[in-house]
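Residue strings, one per chain:
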Amino acid sequence: MTTSAQPLVVDHCTSGDFDEIARIMTDTMLLGQPVPGVDIDEYVTACLSCYRMTAHSDAVVCRTGDNVAGYALISLDPRAAEGHARRQAMRLAAAIAMQWVTGRLSAPTRRFYKLRTIDTVALMRGTRDRGRVPHAHVNVVSGARSGRVAHALLQEVDRSV
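The paragraphs below set out a description of the structure included in this document. (Residues numbered from 1 in each chain as written. Predicted model: local features only at pLDDT ≥ 70, side-chain atom pairs only at ≥ 80, totals over all residues. Heavy atoms only, no water.)

This part covers the overall build of the chain. Scanning the chain for helices and strands turns up six helices and four strands. Written out in order from the N terminus, the α and β elements of the chain read β-α-α-β-β-α-α-α-β-α. The C-alpha atoms of the chain give 16 Å as radius of gyration, which agrees with the globular expectation for 161 residues (15 Å, within 12%). Seen through its principal axes, the chain has C-alpha atoms that stretch 50 × 35 × 25 Å. Buried positions account for 37% of the 161 residues belonging to the chain. Taking all contacts inside the chain whose residues are at least 6 apart in sequence as the whole, residues at least 24 apart take part in 71%. A total of about 9400 Å² of accessible surface is found on the chain, and carbon and sulfur atoms cover 57% of it. Averaging the coordinates of the 19 positive side-chain charges in the chain and doing the same for the 16 negative ones gives two points 10 Å apart. (Helix = DSSP H or I, 4+ residues; strand = E, 2+ residues; numbered from the N terminus. Rg over C-alpha atoms; globule rule 2.2 N^0.38 Å. Buried < 20%, exposed > 50% of the residue type's maximum accessible area, 1.4 Å probe, protein only. Contact = heavy atoms within 4.5 Å. Areas by Shrake-Rupley, 256 points an atom, 1.4 Å probe, with all protein chains shown as cover. Lys, Arg positive; Asp, Glu negative; His and termini not counted. Charge placed at Lys NZ, Arg CZ, Asp CG, Glu CD.)

Throughout the structure, instances matching the rule amount to zero disulfides. Sulfur of C13: no disulfide; nearest cysteine sulfur belongs to C62 and is 11 Å away. Note on C13: relative accessible area 19%, which makes it buried. In this structure C50 is a free cysteine whose sulfur lies 10 Å from that of C47, the closest cysteine sulfur available. (Disulfide = S-S within 2.5 Å.)

Here we have four strands laid out as an open sheet, ordered β1-β2-β3-β4, and antiparallel in their pairing. Edge positions in the sheet fall to β1 (8–12) and β4 (135–140), since each has one partner strand and no second. Across this sheet, the average inter-strand angle for adjacent strands is 20°, counted without regard to direction. One ladder, built from eight bridges, connects strand β2 (residues 57–64) with strand β3 (residues 67–75); its direction is antiparallel. (Pairing = 2+ DSSP bridges. Axes fitted to C-alpha atoms, helices over the stretch in contact; angles between N-to-C directions.)

Our focus in this paragraph is helix α2 (residues 41–49). Burial in α2 covers these residues: Y43, V44, A46, L48 and S49. As for α2, its buried residues are in contact with α1 (17–27), β3, α3 (78–101) and α4 (107–124).

Here the focus is the side chain of Q88. As for its position among the elements, Q88 is in helix α3. Using a relative accessible area of 15% as the deciding quantity, one classes Q88 as buried.

Burial analysis of β2 places eight of its eight residues in the buried class, the great majority of the element. Residue alternation in β2 divides its side chains into two sets, S57, A59, V61 and R63 and D58, V60, C62 and T64, and both sets are buried. Sheet topology places β1 next to β2; five bridges connect them, and they run antiparallel. Bridged to D11 within β2 is V61. Where β2 folds back on β3, the antiparallel hairpin that results is connected by two residues, among which G65 adopts a positive phi of roughly 65°.

Next up on the list: the side chain of S49. Mapping S49 onto the fold places it in helix α2. Not counting residues within four places of it along the chain, the set of residues in contact with S49 comprises H84 and Q88.

Before going further, it helps to examine the nonpolar core. If you look at the biggest cluster of nonpolar residues, it comprises 36 residues, and the most contacted ones within it are I21 and L73. For this core, the secondary-structure elements that each account for two or more residues are α1, α2, β2, β3, α3, α4 and α6 (148–160). No other element matches the six residues that β3 contributes to this core. (Core = buried A, V, L, I, M, F, W, Y, C linked by side-chain atoms within 4.5 Å.)

What follows deals with the environment of V121. Mapped onto the fold, V121 is located in helix α4. Sequence separation between V121 and P78 is 43 residues; the distance between their C-alpha atoms is 19 Å.

This is the structure:
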């Protein structure tokens, strides 16, 4: 996807945009590429669930023509987001543990979740600080990384906080 000649439009997400955001997140999870051989649908759903709650967050997409070229997920209420993230992490951990013990996870998927568990433990150490400041997650599709899309999204993040 090239965006150099197309105008950029940043809009608040509609419920239908979250499917596209999930696809972009999945397609760019590992340094701008999909994680090979790993089913991360449940992980992506858990990650996005907080941003679907419009009272605590905001989500915007940057469109080039009919395509979503990037998104920004903005947490405006960090304490609520942190609580929601913890609940989602516990639900996800229980679901993945059940799949793990029943042999329904591939070796690459088990490795992915093992590494996410290590990440979670490290993140838990910084919980006190995360509960005080808003945050944003910005992601851009591989073919639109010229800077225009990211810049448009970052401007929207600045306007939101």
